[in-house]
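Report on the structure
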Amino acid sequence: MDVISYIVTYSIVINLIGFALMGIDKFKAKKRAWRIPESTLFVVALIGGSLGTTIAMYLFRHKTRHWYFLYGMPAILLLQIAVVVVLIYSPIQFKIL
């Protein structure tokens, strides 16, 4: 596998994990069971799972009353998109061994 395949695979997996964590946390909230810490949800978003967590947040209507989730998750997503765009259009050529 080349580097692009690894990056795409990582992105898909971490976004599925973020989506699943939000869904599990919503289910546990309804059952009044032990919850997934908010910091865990943010860490997953920061390491690349922001698309999955943002989609799940709106799909499951979970954490939408918390301003830091309502604005934080989309902000992380936009920041990550901006970084990818800058890297793609950067004049620096990235060469992988």
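All chains use their own residue numbering, which begins from 1 and follows the written sequence. This being a predicted model, a pLDDT of at least 70 is required before a residue's local features are given, and a value of 80 or more before pairs of side-chain atoms are given or counted; all residues contribute to the totals for chains, interfaces and linings. To obtain the side-chain values, all non-hydrogen atoms of the structure were included, while hydrogens and water were left out.

The next point concerns the pattern of salt bridges. Think of a salt bridge as a Lys or Arg side-chain nitrogen and an Asp or Glu carboxyl oxygen that are within 4 Å of each other. Enumeration over the complete set of coordinates arrives at three salt bridges. Between Arg35 and Asp25 there is a salt bridge, with the nearest N and O atoms lying 3.0 Å from each other. Within this pair, whereas Arg35 is found in the loop between α1 (3–31) and α2 (38–59), its partner Asp25 is found in helix α1, the two being separated by ten residues in sequence. For Asp25, a relative accessible area of 0% gives the class buried. Residues joined in a network through salt bridges with shared partners are Asp25, Arg35, Glu38 and Lys63. A run of H or I in DSSP counts as a helix once it spans at least four residues, and a run of E counts as a strand once it spans at least two, with each numbered from the N terminus. Burial classification: accessible surface area is computed with a 1.4 Å probe over protein chains only, and a residue below 20% of its type maximum counts as buried, one above 50% as exposed, and the rest as partly exposed.

If you look at the biggest cluster of nonpolar residues, it comprises 13 residues, and the most contacted ones within it are Leu21, Met22, Leu41, Phe42, Met57, Phe69 and Met73. Breaking this core down by element, the ones donating at least two residues are α1, α2 and α3 (67–88). At six residues, α2 tops the list of elements feeding residues into this core. Apart from the residues within four sequence positions on either side, Leu41 is in contact with Leu21, Met22, Asp25, Ile36, Thr53, Lys63, Phe69 and Met73. Side-chain atoms within 4.5 Å are what join buried Ala, Val, Leu, Ile, Met, Phe, Trp, Tyr and Cys residues into a set we call a nonpolar core. Here, two residues are considered to be in contact whenever any of their heavy atoms come within 4.5 Å of each other.

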